[in-house]
Amino acid sequence: MSMKVSDHVLERLRDWGVEYVFAYPGDGINGLLAAWGRAENNPRFIQSRHEEMSAFEAVGYAKFSGKVGVCAATSGPGAIHLLNGLYDAKLDHVPVVAIVGQTNRSAMGGSYQQEVDLLNLYKDVASDFCEMVTVPEQLPNVLDRAMRTAMARRSVTAVILPADVQELDYSPPEHAFKMVPSSLGMPQYAAVPSDDDLARAAEVLNAGEKVAILIGQGARGARQEVMAAADRLGAGVAKALLGKDALGDDLPYVTGAIGLLGTRPSYELMENCDTLLVIGSSFPYTQFLPEFGKARAVQIDIDPHMVGLRYPFEVNLVGDARETLTRLLPLLKAHKNKSWRKKIEKDTARWWKVMERRAAVDAEPINPEYVAHSLDALLPDDVILASDSGSAANWYARHLRMRGAMRGSLSGTLATMGPGVPYVIGAKFAHGDRPAIALVGDGAMQMNGMAELITIAKYWKEWQDPRLIVAVLNNQDLNQVTWEMRAMAGAPQFLPSQSIPDVAYADFARSLGLNGLRIEEPGEVKGAWASALAGDKPCVLDFVTDPAVPPIPPHATLDQIEAAAASVLKGDSDRAAMVRQGFKAKMQEFLPVGRHRTERPHARHMS
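Residues numbered from 1 in each chain as written. Predicted model: local features only at pLDDT ≥ 70, side-chain atom pairs only at ≥ 80, totals over all residues. Heavy atoms only, no water.

Caption draft 1: Region of the structure containing the overall build of the chain. When helices and strands are tallied, the chain shows 23 helices and 18 strands. Compactness check: the chain gives a C-alpha radius of gyration of 26 Å against a globular reference of 25 Å for 607 residues, within 12% of the reference. Along the three orthogonal principal directions, the C-alpha set of the chain runs to about 80 × 60 × 45 Å. Accessible area of the chain: about 23800 Å², with a carbon and sulfur share of 52%. Here the chain carries 63 positive and 72 negative side-chain charges, and the mean point of each set is 6 Å from the other. (Helix = DSSP H or I, 4+ residues; strand = E, 2+ residues; numbered from the N terminus. Rg over C-alpha atoms; globule rule 2.2 N^0.38 Å. Areas by Shrake-Rupley, 256 points an atom, 1.4 Å probe, with all protein chains shown as cover. Lys, Arg positive; Asp, Glu negative; His and termini not counted. Charge placed at Lys NZ, Arg CZ, Asp CG, Glu CD.)

Caption draft 2: Expanded view of the sheet that holds strand β9 (residues 254–257). Strand order in the open sheet formed by six strands is β9-β8-β7-β10-β11-β12, and the pairing between neighbours is parallel. The two strands at the open ends of the sheet, each matched to only one other strand, are β9 and β12 (315–318). Going across the sheet, the axis of each strand differs from the next one's by a mean of 15°, ignoring polarity. Bridge analysis of strand β10 (residues 275–279) against strand β11 (residues 296–301) gives five bridges, and the strand direction is parallel. Bridge pairing links Val-278 to Gln-299 in β11. Lying over the sheet, helix α10 (residues 223–233) contacts β7 (211–215), β8 (236–239) and β10, oriented at roughly 165° with respect to β7. (Pairing = 2+ DSSP bridges. Axes fitted to C-alpha atoms, helices over the stretch in contact; angles between N-to-C directions. Contact = heavy atoms within 4.5 Å.)

Caption draft 3: Spatial organisation of the packing of aromatic side chains. Scanning the entire structure with this criterion turns up 15 aromatic pairs. Between Phe-22 and Tyr-61 the ring centres are 5.8 Å apart and the planes differ by 50°, which places this aromatic pair in the tilted class. Within this pair, whereas Phe-22 is found in strand β1 (residues 20–23), its partner Tyr-61 is found in helix α3 (residues 51–65), the two being separated by 39 residues in sequence. Assigned by exposure class, Phe-22 and Tyr-61 land together as buried. (Phe/Tyr/Trp six-rings, centres within 6.5 Å; stacked < 30°, edge-to-face > 60°. Buried < 20%, exposed > 50% of the residue type's maximum accessible area, 1.4 Å probe, protein only.)

Caption draft 4: Just the environment of Gln-138, in detail. Here Gln-138 shows up in the loop between β5 (130–132) and α7 (141–153). Here the alpha-carbon distance between Gln-138 and Pro-173, two residues 35 residues apart in the chain, equals 7.0 Å. Beyond its immediate chain neighbours, meaning those up to four positions away, Gln-138 contacts Glu-131, Met-132 and Val-133.

Caption draft 5: Representation of helix α9 (residues 195–207) within the structure. For α9, spanning 13 residues, the distance from its first C-alpha to its last is 18 Å, which sits close to the expected 18 Å at 1.5 Å a residue. The set of residues buried in α9 consists of Leu-198, Ala-201, Ala-202, Val-204 and Leu-205. The buried residues of α9 occupy one face: seen down the axis, they fall within an arc of 165°. Among the structural elements, β7, α10, β10, β11, β12 and α12 (321–328) are those in contact with the buried residues of α9. (Expected span 1.5 Å × (residues − 1). Arc of directions from axis to C-beta.)

Written out as structure tokens, the structure is:
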């Protein structure tokens, strides 16, 4: 029997080492589905509940495996549904290849059913490479370029396959005019900057008295080199959220996350430094970096398109983080001023005590910070963590300390709702022998997490380590937006948009054959985590948490807190005044020293 185009596509994916394709079926890829049957499901077709989840699972797989994630969907609505997950990959620089169906070539331009101009639709999300196959001879070149480009540029690429082309007999490109042959493989390489640029960077860094380092996911493969540079320069190290697992939080000079979800030590590190070294990060919030003109700065990034962003860097080094630091380190002088590093370590140690106190503040019924803080000490050294967007990301960023081989991620730049559960599903296909935990809000859980519990129920028995925990912070409020309204607009909670129903998440999990616990009292929190981590199957933990616990940014002022308190309940009645006063008192419990203002130079800033 002759090989069809669809057979060749799957064969070529196997040749590239693709093990899984996260997908949802539809008649626009019927040819591929038939080929999967002939290929005995190799590479494996992993069925989600929704195409957007397929894309998120491919992103999670790529983030935690270091390989290309591949997803597939039918024409029209299926291809459209992939887009949000693909934009998540594009903005976080994750290699993902999308294979999508299209109507027959003979119907194109005829306003046919499910006919969408996919080349135009995908030209932004897959701007590095997007191509439609119209004749068999375009393969294998199109697929090879999609794979190679996704890897080389850490980006999204797309291959569009009309339904009738999938059914054609495959014929390879010939040794002829206007035929384009292809080959497999992606060579390993590591870009490095010139010696002159390295010397200029060393001059800037050696001249600094108070050096700060900011790392992102691009520094993940340079852990030892970052540590060596920090020690040589006497620097503190802050982390963009996508680089949370690039360096352990058990190092005393690692100040934790930076930005709106960041820590006070990271904020002060940037506020007080005179020299900044950014490694493998495109952290977007300029206001959390040193004031312009106050610090000299050097950037290291492997992508020449990403250097010079966010800050007026004096020297931009284009190169692989590990190789660049290896060449830079011999040029760096040992820093003699020990007071800067000592201050950083003191402030960081104090911060973790503040986190402990904030987690201990009483709430009704459970403080969400306590939920995350209780997990911290119980985390397995090889755990894979994912956080959804929303207030859950605050507690992930501030309370969970990375160490050892732990991995963690979230939707960094797109900050979309919904990837928490599919991320850990993708992670379990990348590392079936490791436990995985998703920290999600009830809004994200209702949006799509509940449906993906069905996917977990479908596949979990084949994972070597069956532990996959979905922790739902159930406060019946779209909490992050509620707090943004209060802090930025001085607006009270608008219930028609913010209030969401209470759902029996644990009961639903149990109905699928998974474990599930509902936790309504603080005294039950640690036991619930321990039970789930000791379990023999995936588990949903439904933590009923207090929506009034504020996700306060590290630079928030007491004036902003007072404005937020005033927005809780408008009006001049005695009841309104009492509610505002009680709310304000609760918020001030989250100050660094309890209920009282500090006497430090930045006394009007919140931790």
